[in-house]
Amino acid sequence: MTALSNHVPDPRLITAFAERRDGPLHRVNPWTKVGVVGALVLAVTVFDRLALLAGLYGTVLFVYGLAGLPYRRLIGWYTLPLLFIVSVAGPLAFLEPGVPIGGALSTPLGELSVTWAGLALFAELGCRSLVVVTFTLTASMTTKYTDVAYLLGRLLPRPIDQIALLTYRFTFVMIETLEDLVKAVSSRGANLSEFWSNKRLYARILGMTMLSAIEQSERLVKSMEARGYNGDITLYGDVPRPPARELFVVVGSYVAVVGYAAVAVYGVGV
C-alpha cells in the first residue's frame, strides 16, 4: 500500500496534515481558500500565455511550500494528473501545426512530429491542470474536516452535501479494502509488473475488491441507521467570515483575472 499511496492522494494522510499541522495556511479562513480556488479556476481558463501560466504555477508551488507541506509527496501525487495530461495533451502536441522539433515519428497513420507550438500547448495544458490540482491539495491539507463539512453543508444543496460527506467517508473504506488486496497479492508473490500479462486475473481481483467495498459501505450505512441516521448529517461548528485583509486578497484576485480577460481577450481599453 506504500507504493499506492505514494502515487494516489491518501485521504488519511491529507486529514492528518490538516488536523495536526499548524502552518501559516492552516490559519487562513476556509472561505478565503474557497474563493481563491474559484479565482484560480477562472485564471487558468482565461490566461492564454505560457509565461503567465508558468508564473501562476510557480506561485502556487511557493504557497504549498509556505504551508509546510512536503514537495516529495506532491511529486508522487502528480502521477494521476500527469497521466491525464499525457493522454489528452499528448496527441494535441502532434496535431498542432508549426515548425517541427527534430525528426518525424513513423506511425501506421503516417509521419507525426511535435512542433514548437505543440510543445507550448502541451506545457500550457500541463500548467493549467497542475495549478488547480496543487492548490486543491494545499487547501485540503490545511483545512480541518469539521470546516470542510461545514462548507459542504453551506455550499451544496441537499442531498448533494450528504452524498459528498458520505463519499468522503467511504473513500476510507475503499482504501482499507485496497490495502487488504495489495497485502494479499504481495503475500502470494505477485506484483504489479505482472499486470499486463495477467490482465484478466487482475480485472477479476479488482471487481471483487469493488464488490467487497460496496458490501462494507452497506454495512456502514446500516450501522449509521441503527444509530439514528435519517438522511441528514448534522454539522456542528461554524466558520466565521474572513477578515478584511483576506477579503481584499480574494476580491483582488478576481479583479486581476477579469481585468486581464477584458484587456487581452475582449480588447477592452485597447
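For the structure itself, look to the data block above.
Residues numbered from 1 in each chain as written. Predicted model: local features only at pLDDT ≥ 70, side-chain atom pairs only at ≥ 80, totals over all residues. Heavy atoms only, no water.

Could you give me a rundown of the environment of E246, with the residues and numbers involved?
Secondary-structure assignment places E246 in helix α11 (residues 244–265). Of the residues examined, E246 reaches a relative accessible area of 11% and is grouped as buried. Separated by 210 residues in the primary sequence, E246 and V36 have C-alpha atoms spaced 9.9 Å apart. A polar contact of 3.2 Å, which involves the side chain of E246, links it to the backbone nitrogen of N29. (Helix = DSSP H or I, 4+ residues; strand = E, 2+ residues; numbered from the N terminus. Buried < 20%, exposed > 50% of the residue type's maximum accessible area, 1.4 Å probe, protein only. Polar contact = N/O pair within 3.5 Å; in protein donor to acceptor, adjacent residues only side chain to side chain.)

Could you give an account of the nonpolar core, with specific residues and numbers?
The biggest cluster of nonpolar side chains holds 32 residues, and the ones touching the most others in it are L40, L56, V131 and M141. Ranked by residues supplied to this core, first place goes to helix α7 (residues 116–140) with 6 residues. Filtering out sequence-adjacent residues up to four positions away, L40 remains in contact with L56, V60, V131 and F135. (Core = buried A, V, L, I, M, F, W, Y, C linked by side-chain atoms within 4.5 Å. Contact = heavy atoms within 4.5 Å.)

Can you break down the packing of helix α2 (residues 11–20) against helix α9 (residues 160–187) residue by residue, with the values?
Two elements in contact, α2 and α9, have axes whose closest approach is 10 Å; the angle formed by their N-to-C orientations is 125°. Classified by the angle their axes make, α2 and α9 are oblique. Taking contact as the criterion, the partners of P11, R12 and T15 in α2 are, on α9, Y168, T171, F172, I175 and E179. Across the contact of α2 with α9, the residue classes break down as 4 nonpolar, 2 polar and 2 charged. (Axes fitted to C-alpha atoms, helices over the stretch in contact; angles between N-to-C directions. Parallel < 35°, antiparallel > 145°, perpendicular 65-115°, else oblique. Nonpolar A, V, L, I, M, F, W, Y, C, P; charged D, E, K, R; others polar.)

Read these as spatial facts, not as claims about activity.
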